[in-house]
Amino acid sequence: MNNPLDFTGKVVLVTGGGKGAGKGITERFLQQGADVVICGRNEPENMPQHEGRKAVFFSCDVRDIEQAQQLVDATVERFGRLDVLVNNAGGAPNADAATVSPRFSESILRLNLIAPLNLCQIANTVMQKQEEGGSIINICSVSATRPSPGTAAYGAAKAGLLNLTKSLAVEWAPKVRTNAVIAGMILTEQAHMHYGDDEGIASVSSTVPLNRLATPEDIGDTCLYLASDMASYVSGADVTVHGGGEKPAFLDAANT
């Protein structure tokens, strides 16, 4: 039997693929034989690799439409095709929604919604011309489906990206499948910035039913499935990867 997770000969583009969850996604595709292109404003010090096979880095600010077009063009020029796009780049610092500047909010929406939309459009143009089409995966967040205090614009942008994913699945079928990963809390190199020291991370982890934060590889495994032939009938879906979610606050309140 053929290995449905064998991506040999496939070309994968992962935005923000050099760190955090993006690095886990990149490494998973490299492990399965794919040629992987990553992008960011700065080249990572430790390039993702597997058994000597490294990802290819192109400098790109995904918020800039011309740079986004050049990124896809450079990928196709080098490898001749584009099979999978993973829109992973994103994020937002904590900000008070009552006082934050309109310019700040616009920048968050541009990074987390408009940039992925633009890259989806550019990638779709390539994929529609390929006999095997392609797969687009948008990395969303639990902030898209629950209140996001402190990152309101980010949550709104991810909610928009979630809806966009479903709309594109209808418009671009049958050649291109689009799906979303709703990621929960992830143990990355920046986890201490969000959850505190090791004790804080352990405390936060204890609130998750599976008793741990996600690893970048957990997100990568989900992307592998969605991009693979095993998911050939999966489009317009959102896969939640959050370890069971958050325990309802009323349970603790009722026990006090």
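Residues numbered from 1 in each chain as written. Predicted model: local features only at pLDDT ≥ 70, side-chain atom pairs only at ≥ 80, totals over all residues. Heavy atoms only, no water.

(A) Local environment of the nonpolar core. Counting residues in hydrophobic clusters, the biggest one holds 33 residues, and the most contacted among them are Val62 and Leu82. Of all elements in the fold, only strand 1 (11-15), strand 2 (35-40), helix 2 (65-79), helix 3 (102-127), strand 7 (134-141), helix 4 (152-171) and strand 8 (176-183) reach the threshold of two or more residues within this core. The greatest single-element share of this core, amounting to eight residues, is contributed by helix 3. Not counting the four nearest positions on each side in its chain, Leu82 is found in contact with Val11, Leu13, Val72, Thr75, Val76, Ala123, Val126, Met127, Gln130 and Gly133. Counting 27 residues, the second-largest nonpolar core is a separate cluster that includes Ala55, Ile137, Ala214 and Leu226. (Core = buried A, V, L, I, M, F, W, Y, C linked by side-chain atoms within 4.5 Å. Buried < 20%, exposed > 50% of the residue type's maximum accessible area, 1.4 Å probe, protein only. Helix = DSSP H or I, 4+ residues; strand = E, 2+ residues; numbered from the N terminus. Contact = heavy atoms within 4.5 Å.)

(B) Region of interest: the pattern of salt bridges. Using the criterion set out here, one finds 10 salt bridges in the structure. A salt bridge links Arg63 to Asp61, with the shortest nitrogen-to-oxygen separation between them at 2.9 Å. On the basis of relative accessibility, which here comes to 29%, the residue Arg63 falls in the partly exposed class. Arg146 is the partner of Glu246 in a salt bridge, and the nearest nitrogen-oxygen pair spans 3.0 Å. Note that Glu246 is positioned in the loop between strand 9 (238-241) and helix 8 (249-254) and Arg146 in the loop between strand 7 and helix 4, a separation of 100 residues in sequence. Arg146 gets classed as partly exposed once you look at its relative accessible area, which sits at 33%. One network of salt bridges, in which partners are shared, links Lys10, Arg81, Asp83 and Glu132. (Salt bridge = Lys/Arg side-chain N within 4 Å of Asp/Glu carboxyl O.)

(C) Structural context of the layout of surface pockets. Taken as a whole, the second largest pocket encloses approximately 440 Å³ of empty space. Lining the second largest pocket we find 20 residues, and of these Lys10, Glu132, Ala227, Ser228 and Asp229 sit closest to its centre. (1 Å grid on protein atoms, 1.4 Å probe; cavity = no way out; pocket = protein on both sides within 12 Å on 5 of 7 lines; lining within 4 Å. Points joined across faces, edges and corners; volume = space filled by probe spheres on them.)

(D) Looking closely at the sheet that holds strand 1. Pairing in this open sheet of seven strands is parallel, and the strands run 5-2-1-6-7-8-9 from one edge to the other. Because the sheet does not close on itself, it has two edges, and the strands there are strand 5 (56-59) and strand 9. Direction aside, neighbouring strands of the sheet carry axes that sit 20 degrees apart on average. Pairing of strand 7 with strand 8 involves eight bridges; the strand directions are parallel. In the strand pairing of strand 8, Ser141 is matched with Ala183. Along the sheet, helix 4 makes contact with strand 7, strand 8 and strand 9, crossing strand 7 at roughly 155 degrees. Where helix 7 (residues 216-227) meets the sheet, it contacts strand 6 (84-87), strand 7, strand 8 and strand 9, and its direction lies at approximately 160 degrees from that of strand 8. (Pairing = 2+ DSSP bridges. Axes fitted to C-alpha atoms, helices over the stretch in contact; angles between N-to-C directions.)

Geometric descriptors of this kind do not, in isolation, establish any biological role.
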